[in-house]
Each structure stands twice: as C-alpha cells, then as structure tokens.
Amino acid sequence: MSQAPQEMEHPASSGRLGYGGVFLLLALVTALEIWLGSVGVLRSVRTAFFLVLSLFKAGMVAAYYMHLRTDSRLYAYILIAPAVLLLVFAIIAAVP
Amino acid sequence: MTTSVEHSDEFRAGRELGLNHVKLGMWLFLASEVMFFGGLISAFLHYKLNNPSLESGLLDVLLVGGNTFVLLTSSYTVVMALAAARAGNSAGLVRNLLLTAVLGAAFLAGQGYEFASLIREGMTPTSSVFGSSFFTLTGFHGLHVLVGLLWALRNLAKALRGGFDQGRSLGVEIFGLYWHFVDIVWIVLFTVIYLI
Amino acid sequence: MTSSRTPASGAFQTLRRYISWNTDHKVIGIQYLVTTFTFFLIGGALAMVMRTELSQPGVDLLNGAEYNRFMTNHGSVMLFLWIIPVFSGFANFMLPIMIGAKDMAFPRLNAASFWLIPPAGVIMLTSFFVGAADAGWTAYVPLSIQSADGQSLWAVSVILLGTSSIMGAINFVTTTITMRAPGITIWRLPLFVWAMMATALLVIMATPVLTAGLVLVALDRLAGTLFFSVEAGGNPILWQNIFWFYSHPAVYIMVLPGMGIVSEIFPVFSRKPIFGYKMIALSSMAISVLGLTVWAHHMFTSGLDPRLRVPYMITSMVIAVPTGVKIFSWLATIWDGKIRLQTPMLFSLGFISMFLIGGITGIFLASIPFDIHVHDTYFVVAHLHFVLFGGAVSAVYAGLYYWFPKITGRMYDENLGKLHFLMNFVGTNLSYLPMFLAGMLGMPRRVADYAPEFTSLNVLATMGAVLLGSSTLPFIYNAIISWAKGPRASANPWRGLTLEWSVTSPPPPHNFEQTPAVDHGPYDYGQPRQLEQPASAAAD
C-alpha cells in the first residue's frame, strides 16, 4: 500500500515533545514509581499516586507513540470505551 | 436513481473520515484485548483485595521495575522504527526493529527469571489463588510479548527485503500499535501487581 | 495475490465451492447459514429427547446425569453454534451489498471466522464420548471444575466460537465505516446494518471477558490452578460476574440482528416508509449500551452483595424502553399499510407477538421480589424460549424466506412457507406457554423428574415440541427443492428499495458492475422515483 505522500506529513518528532522527550518522561515517571514503591508512604496515598501516574504513562504512550493525538478521534474512543467499561466491571467484580 | 462511480476506490468512505481500514481493524482488535485482559485483571484484583496473600511479599519490584524500563525502551525503538520507515530510512528501520526484538527478548528473559525464582520460593500457579492469578495474568501478557516478538522478527525480515521501502510504512505502524498496546497493558499490570 | 473468489451461483452444481476455503462474502454467508442451521437441527434433536423424558414424571429415558448432559449441550449448541453465528451469516451475505461494497474489509479474516465454527462444533459434540459437559450452558463453578472431561472440550469450543464472533464483528464494523458507497450516509444505512453495528459493539466489548473466564475454568481443570477452588478461597460469584457480563449482552447479540431483519421486512411488506427510522437506529445502540449494564439480574439469588441488586433491577427495566420504542415503531409502520401477508411478513408479525410475551415476562423477572420466587424455575425457561425461539428464530426464518430468492436465485414455495409458519407459531406457543404456569407453580428447571402435579403442563409442552420439531420439515423440504429447481427469481421479487434488490438474484461476483451512488433512503416508499433495475441495466 503506497503511503508515501501522506506519511511525509508526520515528522519524526511528534509534537513539541518529540518521541525522545516522551521516552525520557516515561522513564522518569517509572523511576519515581519504583522509588515510591520502596518508600514507606501511607498505602492509600501511594495507591492514588500510582493510579494517577500509570494512567499518565498509558496516556502518553497512547497519545504520542500510538498517534492518538493526531489521528482520527474515533480510534481514541475505541480505546477509551472498553477501558472505562473494564474499570466499572473490575470494581463491581471486586466486591466480595 | 443511481449514478455510477469508478469501482476501484472501495475504501473512499473511510479515507474521507480520516480512517485507514487496517488501522481501524487493529484498534477494534485492541479494544477486544482490553476486555480480555480486563477479565483477567478483574480476577486478579478480586483476589488481591479479598484474599490478601503473604506471597505478594515475594515479588521483586526492583527487578521487574528494570524489566518495565526494558519494555518502555522497546516502545521507543518501535516508534523510531516507524519514523524511519516513513522517512525512507531503511537502515534506521532495520536497526530499530532489531533493537525492539532484542529488548522484547530481554523482557521475556527477565520475566522467565522472575517466574523461576518465585517458583523456587514455593509460589507457583497451583500454590494459592494469588499464585494462580499472578502467573495467569503475567503469563498471558508474556505470551502477547512473544507474539509481538515473532511479528517484529517477521517485519525485520521483510524490512531487509525492502518490503517497507518508498514509505510503505503501514505494516510497521500496525505492528507498532500492537506493541505499544502490550506495553500499556504492562504499565497497568506493573502498577496493579507490583506497586499497589 | 489471487484469492479464491468464485461466484456464488448454482449451488448444487458447485457444491465443492461451499465446503472449501473461499473469501467471497456471499459464499461465506451461505456456509454460515447452512452450518448453523445444521446445528439448530442438532440442538433441536437434543431438545426432543429432553421433552420425551419430560413428558411424564419419573426418570425413564434419561437419568439425571444424562439429562444434565443433554440439557447443557442443547443450550450450548443452540446459543453458541446456531443463534449467535447465524446472524453473522446474514450479515456476511447482505451487509456489503447493502452498503454498495464489493466485499468485506478483510476477506481472509472473514473466511477464517467461518472456518473456526465446524471444528468448534465437532469439539463440543464429540465431548459426548468422553463424558459431555453437564453443568448447564452457564457452567457455574465449582461444579464445572469437577465435571467430566467433556467440560474442558466445551470450554475450548466456546473459546473458539467467541474468537470467531469477535473476528466477524471487527470485519462488520470496519466494512460499514470505511466501505460505504457514495451517498450511503449514516442516516441512509439500512436498519439491518445499524442492528449489526450495535451487535458488533457488544461482541467486541463483552465476548473477550467470557474468553478470559473460560481460560480460568480451563486452567483450573487442566493445570490445577485455584481460581474457583473453594478450599483455596476461590469465589463462585466471581465466575458468575464474569460469565454474565458477557452472557447478558449475548442475548442482545442474539436478538438485535433479528430486529434489524424485521425492520427491513415491515416497510417492504406494507409498502410504507419505516416509522421512526432514527429512533429505531438509536434504540438499537441504546439497547446495546444499556445491555452492558444489566448482567447481575441473573444473580439476584446468588448471594451477591444485596446493595448491588437494586441498580440492576433499575437498568433491567429501563432497557425495556428502547425495545418498546421499536415495537411501537414497527406497528406504526404497518398501520394503514398495503399489507402483503407472505411468509417473511408472517414470521415478522409472529416475531412481534412472541417477542412481546418474552420481553414483558423479562420485565417481571427484572423485579427482584418476583425473581426470587421464579428464579431457576420453568418461568425462566418459558421467558427465554419466547424471546429466543418465538423472537430470534422467527426473525431468522423471516430473513431466510425474505432473502431466499436473492441468495439462491430461486423462489421458495409460498404455501409450504405458510404451513411452516402456522406449525411454528402454534408449536411455539403450545410448547412454552404452559411453562410459565409450571414455573409459577414451582417446577424447577434443569430437572429430569418432577412432581406429578406438573404432568399435564409438561404433556402440553411436549406436544408443542413435537409440532415444533415437525415444523422444520416443510421448511427443509421447501428450501432444498426450491433451491434445486424452484422458479427463477427476478432481481427484486418483493419490490424492496435497499441495494441488494438492485442487483441480480443471485448477485454477480463483485456485487455491482460499478460502485453505486445512492441518493435516497432505504425505505422511501411513496416518493415518485424509478424502481431499481439490475446494475447492468442502470438508467443513467
């Protein structure tokens, strides 16, 4: 499938951040998470942080590496809808 | 009354919406994978919350944290491979695909090492509910990495043959979507299993 | 790449085409329809044995254990090998043509989806040789973990069928979004296509969760994991949540396409535009989305946390609203129309009346206090058969008759069709109406033996079953003889306006000589315009 004309519009760096920038950010956040995991912070606070941080990381990968930022919105909805559904299901299924 | 249009442009409706049909198909597949892992994650979470187990203390956050870095880096190399393919840089494409495969293999090796040491300590898929859900969840993730690894190698072979030349990068992009997804699943798994 | 695309015409002369790998959606459609109908007959045969056992109290033909195996496989075959995949058959044949495309977006994936089904069916049925699955189609744990080896085969089979279903859904959605011919805007899509989209959404979102659950069951059975081992702390409620999260949406997967089919038939056989096109389309999507929120109404008596129950009662009742919107719209469509009571229309009318009974009794079941009384009784059996047999199967028959000329190029015998309808309608009501009463009087389901006071109700049900079983005979005879040597059908024997009627019967290999460009809606009866001609004789 010849994609050459359209694909040339996408520069190697995606957005202001660039792929490398996103990578560094992800690495930093991961390091932060591992550090938090070994420090004796209150469990519930820690958990909230982890959830937020991992959501952030997942969002960065999806937005920049999977190009959801620049592609059709439909792809993003296709990813987010089951994620939300799954969250609801997991919460309900977690009830003893 | 119907008028007629040339028959060759079958995917015109998709293009006009800014959609590529292969990408759309892959995203729909990934949606189903979200739900598949969701079922496994729900089972894991149910037991983690309701049947807390001492065995969770056996998990090696540092080792697996390192493994997480490895997988994250492989996502970087995949997107660089795509950029190379789009720019017509076949050397860059080959290099990054190779790196991706190596990193993927390293991740699997790391997982294998973790599994082996856990089993040596007495935590197995059949030792407890925690063991069952841990090994199943991470095991299926590992299987997905393995499939991705084989796909990366196949793409590497195709790249060496010039199969992605002249900007024909769709195959790399589709592979990338799958690989990044597997990375995202790991981000969730690492958090849910090791951190929380 | 040269794909094996050969034209789908003259079935008998080229039988070999239909039993080999072929990526033409029309061939795949026929493969689905014939294969799933065969499983329908097998599931029906299992039911006939069950009904024979149940015609009298006492254990005569089957003992309890054998009855459980028959009951489990009857349900599993009917649901997973018949009613869910049959609509993929219709979608496969009709959807691309209805949107002016020449095939599905992924023809090879499409063929693969079909070819998962025969092996899965064989796996499920050969389980009888190693001790068939016997835990009901619901496979509750821990019983299903302890069942004979056939239960593992059952799990593998259902995993394969779920995979087939998901692959098909991906194809349907991608095709509909990206391959519509010019002029086929979202609000000009035939309602069957809308229905398939709503169905595909559920398949993609819900089926994988069942797959995950089946994997857990299979691992417990085969690898010794402890997910559902009660001694180790395994939780049966977890299985029920996982199972019903899929299996409730599954029932909408089983009926939404049927509603789409009757939505096609009513305007054509009343010569009137469909009433409330947008409302029907949006209701399909609403049922789909809401369908993902109601699952625990199957778990009211399970020991589920009581605080969770009322929300499900509410959502389960709310879902009746979009369904009601559809029923009123269909009635308004045929109201004052020029009604032609040919077989497709008869089955569609039968669909409304019988689905209504099933649907309303579903609302009864949504009420927690009522459900506590009748859960796991024959009331539920009656409800489910009214919606599935009276409803979905009627819609399948309606579609089979409606599209028979298009698919085969021949017209079926109308008198035999009417006979089939009559036997089917009387048989369905006779079989299942007594079961409502039996359930309310306390007869439990899934039993081979029952208290003597339920005998007369069971005798009636068995009589109905015999009538139902025999009703398939005129259909099968009609289908085979007409396909072989019925009168040749024209392109548009029903004078419909959707695109499949604008091409020959059967359609040419690539469906259209040239991509059609459409400028009218699918049900625009009464507008001054030219009737569709086969594409090669197009006016412009």
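Residues numbered from 1 in each chain as written. Chains lettered and ligands numbered in written order. Predicted model: local features only at pLDDT ≥ 70, side-chain atom pairs only at ≥ 80, totals over all residues. Heavy atoms only, no water.

## Considering helix α4 (residues 73–94) of chain A
- Over its 22 residues, α4(A) extends 32 Å from the first C-alpha to the last, a length consistent with the 32 Å expected when each residue adds 1.5 Å.
- Turning to α4(A), its buried residues are Y75(A), A76(A), I78(A), L79(A), P82(A), L85(A), L86(A), F89(A), A90(A), I92(A), A93(A) and A94(A).
- Elements in contact with the buried residues of α4(A): α3 (43–65) of chain A, α2 (21–50) of chain B together with α8 (191–223), α9 (236–270) and α11 (309–318) of chain C. (Helix = DSSP H or I, 4+ residues; strand = E, 2+ residues; numbered from the N terminus. Expected span 1.5 Å × (residues − 1). Buried < 20%, exposed > 50% of the residue type's maximum accessible area, 1.4 Å probe, protein only. Contact = heavy atoms within 4.5 Å.)

## Description of the interface of chain C and chain B
- Taken together, the contacts link 48 residues of chain C with 39 residues of chain B.
- Counting across the interface, chain C meets chain B through 1 salt bridge.
- One salt bridge connects K102(C) with E10(B), and the closest N-O pair in it is separated by 3.3 Å.
- Where chain C packs against chain B, one counts 7 residue pairs in polar contact (both at pLDDT 80 or more).
- Of all the elements in the fold, those that place two or more residues in the side of chain C that touches chain B are α7 (150–178), α8, α9 and β1 (515–517) of chain C.
- Ranked by residues supplied to the side of chain C that touches chain B, first place goes to α8(C) with 10 residues.
- Of the residues contributing to the side of chain C that touches chain B, the split by class is 28 nonpolar, 13 polar and 7 charged. (Salt bridge = Lys/Arg side-chain N within 4 Å of Asp/Glu carboxyl O. Polar contact = N/O pair within 3.5 Å; in protein donor to acceptor, adjacent residues only side chain to side chain. Nonpolar A, V, L, I, M, F, W, Y, C, P; charged D, E, K, R; others polar.)

## Here we look at the confidence of the model for chain A
All names here are of chain A.
- Here chain A averages 85 in pLDDT, and 83% of its residues register 70 or above.
- Across chain A, the element-wise mean pLDDT spans from 42 in helix α1 (residues 4–7) up to 96 in α4.
- pLDDT under 50 marks residues 1–13. Its contacts with residues more than four places away, or in other chains, come to 19 contacts. (pLDDT = per-residue confidence, 0-100.)

## With respect to the domain arrangement of chain A
All names here are of chain A.
- Segmentation of chain A into domains returns domain 1 (17–65) and domain 2 (67–96).
- Computed over C-alpha atoms, the centres of domain 1 and domain 2 are 19 Å apart.
- Contacts between the two partners involve 5 residues from domain 1, matched on the other side by 4 residues from domain 2.
- Buried surface at the junction of domain 1 and domain 2, summed over both partners, amounts to about 420 Å²; 48% is from carbon and sulfur atoms.
- Looking at the side of domain 1 facing domain 2, the largest losses of area belong to A62, A63 and Y64, adding up to 75% of the total buried there.
- One can count 0 salt bridges joining domain 1 with domain 2.
- The element that contributes the greatest number of residues to the side of domain 1 that touches domain 2 is α3, accounting for 4 residues. (Domains from an automatic or database assignment. Buried area = accessible area lost by both parts, 1.4 Å probe.)

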